[in-house]
Structure formats: structure tokens, C-alpha cells
Amino acid sequence: ETGVTQTPRHLVMGMTNKKSLKCEQHLGHNAMYWYKQSAKKPLELMFVYSLEERVENNSVPSRFSPECPNSSHLFLHLHTLQPEDSALYLCASSQANQQARYGYTFGSGTRLTVV
Amino acid sequence: DAKTTQPNSMESNEEEPVHLPCNHSTISGTDYIHWYRQLPSQGPEYVIHGLTSNVNNRMASLAIAEDRKSSTLILHRATLRDAAVYYCILRDNYGQNFVFGPGTRLSVLP
């Protein structure tokens, strides 16, 4: 375990389903991130929360909806996804404005398959 | 973000040292050099980072060129478990967030 826990590890959902991915950290970090990693592609930054406020949204389709109720928890709500959204979704956390000195801690990811 | 350039892939024999290069000719004075690696079906994990001086930890060593325009991650004795994609990333505290390139895919041969 890295200190960042993601659930579920695997998820298969139909295109009309609604599901949520969960991320939890107890490292005392105050910034959290969602990344998407499609097959054979680099990680793509999706959303950034710093001090519980969303500070970045990289042109992600509205069928992905993040939520950060507190500095320890991050959710990614999914609805009406497409097959091309199948990917590994990774959560990370860091100390806001200190990521250069201390870096990020990643979770193990949720492998999402949209059928 | 300052850009980094890494070879797409490298091979090493088990129990031999591995030197993974990274070029970052546009690095600024406040950029830290970070290395992460990603094992199959896992999230990236921190390996090492540095600013100007060479760094050592239990996983690896980081050799930083005097002009800071390049760096080398050194695995002293590669094991099969070191087979992964290795990412070299530049970060400062004031810019955008970690942006990952394609990295170097390291294969370790028994």
C-alpha cells in the first residue's frame, strides 16, 4: 500500500450506468489529482484539487464529474461513458505548492472497462 | 513545463547496473528533477529526486550534470522486479502540475 487507496480496483460498467471511483489518503496531503492512462499512452492529468478547491480541469468531458468533500477523499463520478473511456484511472496526492520538493504519491488505480 | 527527453526503451541484464538518461536542456534554476517508475498495472511510484547535487537512496542514485541539462538514474543491480516504465519529470513549486511523458520502458533479462 502506498498511502493512497483507490476503490474499486476493477470496474466493468455499461454505457448507461452511473458509478463512482473513490480515492482516500491519510498522508496529511492537501492536494489531490485524477489521472487517466489509456493503453500504451502517457498519463493524462484530468482534475486537480488544492485545499479542497478544484484548480484545474483539463478539458475533460462532462460525463466525468469530480468531487472532493475534504482533503482526504476524492471521488470521480461516472455516467454515460463511452468504450473509449476504458482506461486505468489513477489518483495521487501531494502537499499543495510543495510538490517539487516532495513529489506525488499515487494509488494503484482503478481499471475501468466500459462495455 | 520544461521538457524532458528519454529513450523509448532500454534493456539490461539481471544483476548488472543500469543507467537511464534524461535530457532537460531547458531546465530552470528552480526546477527539481524527479524520477518515478510504473510497474505493470500499478500507479507510478516515487524513485528519487534532486535539485543540483547527486542523490542516493535505497532504490537508486541520481547523477545530475554540472550544468543541470541532463541527469541519469542509476540502478546499481537490476532485478527482474525493476522492469517498468521510468519517467523523468521536472517540477517547481509554482508551475503546473506533474506532466508525464512516455518515459523509458526498461526490460530486465534474466
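Please refer to the structure placed before this passage.
Note that this is a predicted model, so its numbers are computed, not measured.

The rules we used
Residues numbered from 1 in each chain as written. Chains lettered and ligands numbered in written order. Predicted model: local features only at pLDDT ≥ 70, side-chain atom pairs only at ≥ 80, totals over all residues. Heavy atoms only, no water. Helix = DSSP H or I, 4+ residues; strand = E, 2+ residues; numbered from the N terminus. Rg over C-alpha atoms; globule rule 2.2 N^0.38 Å. Buried < 20%, exposed > 50% of the residue type's maximum accessible area, 1.4 Å probe, protein only. Contact = heavy atoms within 4.5 Å. Areas by Shrake-Rupley, 256 points an atom, 1.4 Å probe, with all protein chains shown as cover. Lys, Arg positive; Asp, Glu negative; His and termini not counted. Charge placed at Lys NZ, Arg CZ, Asp CG, Glu CD. Phe/Tyr/Trp six-rings, centres within 6.5 Å; stacked < 30°, edge-to-face > 60°. Pairing = 2+ DSSP bridges. Axes fitted to C-alpha atoms, helices over the stretch in contact; angles between N-to-C directions. Buried area = accessible area lost by both parts, 1.4 Å probe. Salt bridge = Lys/Arg side-chain N within 4 Å of Asp/Glu carboxyl O. Polar contact = N/O pair within 3.5 Å; in protein donor to acceptor, adjacent residues only side chain to side chain.

Quick word on the overall build of chain B
Then step 1. In terms of helices and strands, chain B carries zero helices and nine strands.
Then step 2. Taking 2.2 N^0.38 as the reference for a compact globule, 110 residues should give roughly 13 Å; the C-alpha atoms of chain B span a radius of gyration of 13 Å, in line with that estimate.
Then step 3. Projected onto its principal axes, the C-alpha coordinates of chain B cover approximately 40 × 30 × 25 Å.
Then step 4. Looking at chain B residue by residue over its 110 residues, the buried ones come to 46%.
Then step 5. Pairs at least 24 residues apart make up 57% of the contacts formed inside chain B by residues separated by at least 6 positions.
Then step 6. Counting only carbon and sulfur atoms, one obtains 47% of the accessible surface of chain B, whose full area is about 5,700 Å².
Then step 7. Of the side-chain charges in chain B, 9 are positive and 11 negative, and the distance between the mean point of each set is 4 Å.

Considerations on the packing of aromatic side chains
Then step 1. Going through the model one piece at a time under the given rule, you end up with 10 aromatic pairs over all chains.
Then step 2. With centroids separated by 5.8 Å and ring planes inclined at 90 degrees, the aromatic side chains of Y35(A) and F100(B) adopt a geometry described as edge-to-face. With one member in each of two chains, Y35(A) in strand β4 (residues 31-37) and F100(B) in the loop between β8 (84-91) and β9 (104-109) form a pair that bridges those chains. Of the two residues, Y35(A) and F100(B), neither departs from the other in class, the shared state being buried.
Then step 3. Seen from their ring centres, Y104(A) and F106(A) are 6.1 Å apart, and the 40 degrees between their planes marks the pair as tilted. The same class applies to Y104(A) and to F106(A), which are both buried.
Then step 4. Ring pairs connect the aromatic residues Y33(A), Y35(A), Y104(A), F106(A), Y36(B), Y46(B), Y87(B) and F100(B), which therefore count as one cluster.

As for the sheet that holds strand β7 (residues 64-70) of chain A
Residues and elements named next belong to chain A.
Then step 1. Read across the sheet, four strands follow the order β1-β3-β8-β7 without closing on themselves; strand pairing throughout is antiparallel. The sheet terminates laterally at β1 (4-7) and β7, the two strands that pair on one side only. The sheet shows a mean angle of 20 degrees between the axes of neighbouring strands, direction not considered.
Then step 2. By the bridge criterion, four bridges tie β1 to strand β3 (residues 18-25) in an arrangement that is antiparallel. Counted as the bridge partner of V4 is Q25 from β3.

Some thoughts on the sheet that holds strand β5 (residues 55-56) of chain B
Residues and elements named next belong to chain B.
Then step 1. Across the sheet, four strands lie side by side as β2-β7-β6-β5; this open sheet has antiparallel pairing. Two strands in the sheet have a free side with no partner beyond their single neighbour: β2 (18-23) and β5.
Then step 2. Inspection of the sheet shows strand β6 (residues 61-64) paired to strand β7 (residues 70-75) by four bridges, in the antiparallel sense. Among the inter-strand pairings, L62 is bridged to a residue of β7, identified as L73.

Topic: the interface of chain B and chain A
Then step 1. Taken together, the 20 residues of chain B in the interface contact 23 residues of chain A.
Then step 2. Both faces considered, chain B and chain A share a buried interface measuring about 1,700 Å² in area, 49% of it formed by carbon and sulfur atoms.
Then step 3. At the surface where chain B touches chain A, the tally comes to zero salt bridges.
Then step 4. If you look at where chain B meets chain A, you find two residue pairs in polar contact (both at pLDDT 80 or more).
Then step 5. The set of elements that each furnish at least two residues to the side of chain B that touches chain A consists of β3 (32-38), β4 (45-50) and β8 of chain B.

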